[in-house]
Every structure is written in structure tokens, then in C-alpha cells.
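Below, each chain spelled out in residue letters.
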Amino acid sequence: MKPIIGIQAQIDPVNGNPFIDARYEAWVREAGGLPVVFSPVANVEEAREVAETFDGILLPGGDDIDPALYGEAPLPTTQAPVAVRDVGEPLLIAAVLAADVPFMAICRGMQMAHVALGGALMQDIAQERETGAARAVSAANAARAESTADAESAACAPNANGIAAIAHRQGEPFDAPTHPVHVMENTPLSRALADAGLGADIAVNSLHHQAVRLPLAKGLELMACAPDGIPEALFCPHRTFFWGVQWHPEMMPDDACGRIIARAFTDAASKRQGRR
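So, here's what we can say about the structure. (Residues numbered from 1 in each chain as written. Predicted model: local features only at pLDDT ≥ 70, side-chain atom pairs only at ≥ 80, totals over all residues. Heavy atoms only, no water.)

One pass over the structure, following the stated rule, counts four aromatic pairs. Between phenylalanine 241 and tryptophan 243, the aromatic rings sit 4.4 Å apart at their centres with planes inclined by 20°, giving stacked as the arrangement. Each of the two residues, phenylalanine 241 as well as tryptophan 243, counts as buried. Through successive ring pairs, a cluster of aromatic residues spans Phe241, Trp243 and Phe265. (Phe/Tyr/Trp six-rings, centres within 6.5 Å; stacked < 30°, edge-to-face > 60°. Buried < 20%, exposed > 50% of the residue type's maximum accessible area, 1.4 Å probe, protein only.)

In strand β6 (residues 103-106), alternate side chains face the same way, and those of Phe103 and Ala105 on one face and Met104 and Ile106 on the other are all buried. By the bridge criterion, three bridges tie strand β5 (residues 56-59) to β6 in an arrangement that is parallel. Looking at β6, one finds that leucine 59 is bridged to alanine 105. In terms of handedness, the path from β5 via helix α3 (residues 83-99) over to β6 forms a crossover that is right-handed. Two elements, β6 and strand β13 (residues 242-245), share four bridges in a ladder whose sense is parallel. Each residue of the ladder has a partner; that of isoleucine 106, found in β13, is valine 245. (Helix = DSSP H or I, 4+ residues; strand = E, 2+ residues; numbered from the N terminus. Pairing = 2+ DSSP bridges. Right-handed = clockwise from strand over helix to strand, strands pointing away.)

Attention now goes to the pattern of salt bridges. If charged atoms from side chains of opposite charge come close, those side chains can pair. By the definition in use, this model includes five salt bridges. Where aspartate 21 meets arginine 23, a salt bridge forms, and the shortest distance between an N and an O atom there is 2.7 Å. For aspartate 21, a relative accessible area of 18% translates into the label buried. When the shortest N-O distance is used, the salt bridge between arginine 263 and aspartate 267 registers 3.8 Å. Here arginine 263 pairs with aspartate 267, and both are found in helix α10 (residues 256-275), just four residues apart, close to one helical turn. Among the ionic contacts, a cluster of salt bridges with common partners joins Arg85, Asp86, Glu89 and Arg108. (Salt bridge = Lys/Arg side-chain N within 4 Å of Asp/Glu carboxyl O.)

Here's what the structure looks like:
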């Protein structure tokens, strides 16, 4: 029996209606899962019921997260919040972690996993570059790494040209990779790539203007970074499968790394199905 993968609906910011980009469903199907779309949860009870219903849960991309969730006022470039997602997703993530449900988070989904566990975001990468904030944060990270041997900061210290080199919000075609990403050694994704005979340097598409700000939320670990120091993938080592990626593998159906990620997710969901 195919693992049943719950995909939370996205929300149209204009009319408030739920929808899902069909490419998420296709990505799950191609990896052997059966996708079922559900609306964002409204309360803790619904979150627990959803977590118990599915063999795996996918949290998709979408609009910006309300910065009030991490204690900041919005910048002019920050999109208006989508309350139904901002309220429901932290509840869902808590329920997923409590029940150890295989969990895959993409773009906004990865950012929300970080925020829900206590982390903060860069509200606008380009604006922080212009003000020098991104360079200051990166310099601070590099200094902390040198003085404390902090692996997380060292991994995300940018190369000499990194801050100006990466465009994280590409134009069409969205299925074309636009910048490199380095996958950290001894992480679940690096092992999955190695098992498939692939190296740790991959190329990804990029459709975001916000990003995870270091340090990572408690319980999460870095899995990949862009050359400019932007975190590109994370995971929770204390759960069976809890991954997030900043790019959109569902938009690159022919990409080997994206297929490996999808298969790792559905394989974990199949194992949960077998235990139920």
C-alpha cells in the first residue's frame, strides 16, 4: 500500500481560498506516495488529528510569515500575513514532532519550522544586503566560529564574493537551477546523495526573498548552505524524518537530488505506515 502523504493547502492571499500547486502532488506521486490535500488546522485538536491521520506530512511554500511570530515589526517589503497559515502551522509542527510523523518542509515551510521552534528570519535578503546587515551577521558568525569552533556558523560563513553573488529570487523558468548549494557532511541528505553516487555540491532553483537567520532554532541542525551563507536545508536529528529545504524540488521533476529527497520522505512514511 502506498504511504498516504498529507499536503497542507496553500492559501490564496487575495480571496483566502485554499489551493495547492499540482506540482507538489506530482512530486509525491512520482516518489511512490499517495497525496491528499488538507486545509490548515485551526486548533491543537485538529493538529493532533491530522498528525495521526497521515503517514507523512508536507508543508509547502507560500507567502511571507508574519514577523510578529519572531518578535519583529514588518519591513516595507514584507508581504501581508496569511493568518490562517501563521496560526495553524506552528500547531501542526508541534503535533508532527510529538507524534514523530515524517515531515517535509519546502521554502516557506522550512522557514516556518525554524520560526515555530523559536527561530527568526531575515525579512528581506536584498534589503539586509543594502544596509550591510547581512554582511555584519555573516562576519559575526565567522568570528563566533573561529573563537568557539561553532560548526553551524563556520558552515554558513560566506565565501569572499558570496554576499553579492547569489540571486535568491530567480525569474522563469522556475525548473532551472540558478545557484549552487553545498550539502554538509554527515547529514541525512549527504548520506542519501552518497548512496546514489552523487556529490555534496548541488544546484537548486530559488524563489524566496526571506531566509532563515542563524542561529538555528533549538532542535534543528544545518544540512546545506548557499555560498553567501544563506541556510538552504535543515533537519531535526531527534526525529525519524524531519527535513526542510529552501528551494523547490517539486518544480524540478528531472533533478536527481529532488527525486532522492522525495524518495527518502516517502520511504520514511512507508515505514511509519508499516508500524501503524
